[in-house]
Amino acid sequence: MNDYENTSHKAIDPREQDKIAKPTYWYDWVVFILIGGFLGTFNVWLNWYMYFCTGPVPCDHLLWHFGELSANDSRLGYWGFFIVPFLFTIPAIIFSNMKRVRGYGFVIGYMTGGFIGMIWSVYLGIYTSIVAGILFLIMYFIFWKIWRSFTKFTIDEKPK
């Protein structure tokens, strides 16, 4: 008997499969929101450091500096803006493959960490949060929605 004639199995909705195989606990949210918040804040600080403190004139204060600060013609600082996709996308995909709720928690934490990072630079904090949100929407529409819709496909005619 081939697979087409075998009717003993039925398609399982991915959401139901997640609930059965991996139940959601409180730490799935809290721990991954904290991880995302830490990485988002670290990302803003790293971008701030690379943009403002790696030029010919180094910064006097690396962590808390509220005085006048100007870009020191830092060529390395421009590359700092590419750190956001890597520090956000790679962990988000890894955590989401472990469990979807962990990925959502990481995204919420990362965007919150970007807003916390406005301590160093308002622009970099908003930039980090907005880029993380846009990347999340792109990944959401590509991965999650498409894979969920594959279970809705049906084949009505017999293969020849």
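All figures in this text were calculated on a predicted structure; none of them were measured in a lab.

**Student:** So what exactly am I meant to see when it comes to the overall build of the chain here?
**Tutor:** Along the chain, the regular secondary structure elements total 6 helices and 0 strands. Going residue by residue from the N terminus, the α and β elements of the chain occur as α-α-α-α-α-α. Across the 160 residues of the chain, 37% fall into the buried class. Considering only intrachain contacts with a sequence separation of at least 6, the fraction spanning at least 24 residues in the chain is 70%. Surface accessibility of the chain: about 10,700 Å² in total, with carbon and sulfur atoms responsible for 69%.

**Student:** Sorry, what's going on with helix α5 (residues 100–116) here?
**Tutor:** In an α-helix, one turn spans 3.6 residues, which is why side chains three or four residues apart end up on the same side. Its 17 residues give α5 an end-to-end C-alpha distance of 24 Å, which sits within 8% of 24 Å, the value for a rise of 1.5 Å per residue. Taken as a whole, α5 has its buried residues at Arg100, Val101, Arg102, Gly103, Gly105, Phe106, Val107, Gly109, Tyr110, Gly113 and Gly114.

**Student:** Would you mind going over the side chain of asparagine 43 with me for this structure?
**Tutor:** Along the polypeptide, asparagine 43 turns up in helix α2 (residues 26–52). Beyond its immediate sequence surroundings of up to four residues, asparagine 43 is in contact with Ile83, Val84, Leu87, Tyr110 and Thr128.

**Student:** Help me out: how do you make sense of the packing of α2 against α5 in this one?
**Tutor:** Two quantities define a packed helix pair, namely the angle between the helix axes and the distance between the axes. The interhelical angle for the contact between α2 and α5, taken along N-to-C directions, is 35°, at an axis separation of 6 Å. Crossing hand, α2 versus α5: right-handed.

**Student:** I would appreciate a short explanation of helix α4 (residues 83–98) in the present structure.
**Tutor:** Spanning 16 residues, α4 covers 23 Å between terminal C-alpha atoms, matching the ideal 22 Å at 1.5 Å per step. Burial in α4 covers these residues: Ile83, Val84, Phe88, Thr89, Pro91, Ala92, Phe95 and Ser96.

**Student:** Is there a simple way to explain the confidence of the model for the chain in this structure?
**Tutor:** Low-pLDDT stretches of the model should not have their predicted coordinates read in fine detail. Of the residues in the chain, 61% reach a pLDDT of 70 or more, and the chain-wide mean stands at 76. Mean pLDDT values for the elements of the chain range from 65 in helix α1 (residues 14–21) up to 91 in α5.

**Student:** Sorry if this is basic, but what is going on with the pattern of salt bridges here?
**Tutor:** Where side chains of opposite charge bring their charged atoms close, a pairing between them can arise. The final tally for this structure, using the stated rule, is 2 salt bridges. Among the ionic pairs, arginine 102 bridges to aspartate 28, the shortest N-O distance being 2.9 Å. Taken together, the residues span a long stretch of sequence, with arginine 102 in helix α5 and aspartate 28 in helix α2 at a distance of 74 residues. Look at arginine 102 and you get buried, because its relative accessible area is 18%. Accessibility expressed as a relative area gives 0% for aspartate 28, which makes it buried.

**Student:** It is not clear to me how the packing of aromatic side chains should be interpreted in this structure. Could you clarify?
**Tutor:** Two aromatic rings are characterised by how far apart their centres lie and by the angle between their planes. With the rule as written, the count across this model stands at 14 aromatic pairs. When the ring of phenylalanine 88 is compared with that of phenylalanine 106, the centres are 6.1 Å apart and the planes differ by 20°; the resulting orientation is stacked. Of the two residues, phenylalanine 88 is situated in helix α4 and phenylalanine 106 in helix α5; the sequence distance between them amounts to 18 residues. Across this residue pair, the class does not change: phenylalanine 88 and phenylalanine 106 are buried. Both rings, one in phenylalanine 95 and one in phenylalanine 106, keep their centres 5.3 Å apart while their planes meet at 70°; by these two values the pair is edge-to-face.

What counts and what doesn't
- Residues numbered from 1 in each chain as written.
- Predicted model: local features only at pLDDT ≥ 70, side-chain atom pairs only at ≥ 80, totals over all residues.
- Heavy atoms only, no water.
- Helix = DSSP H or I, 4+ residues; strand = E, 2+ residues; numbered from the N terminus.
- Buried < 20%, exposed > 50% of the residue type's maximum accessible area, 1.4 Å probe, protein only.
- Contact = heavy atoms within 4.5 Å.
- Areas by Shrake-Rupley, 256 points an atom, 1.4 Å probe, with all protein chains shown as cover.
- Expected span 1.5 Å × (residues − 1).
- Axes fitted to C-alpha atoms, helices over the stretch in contact; angles between N-to-C directions.
- Left-handed = near helix turned anticlockwise from the far one by under 90°.
- pLDDT = per-residue confidence, 0-100.
- Salt bridge = Lys/Arg side-chain N within 4 Å of Asp/Glu carboxyl O.
- Phe/Tyr/Trp six-rings, centres within 6.5 Å; stacked < 30°, edge-to-face > 60°.

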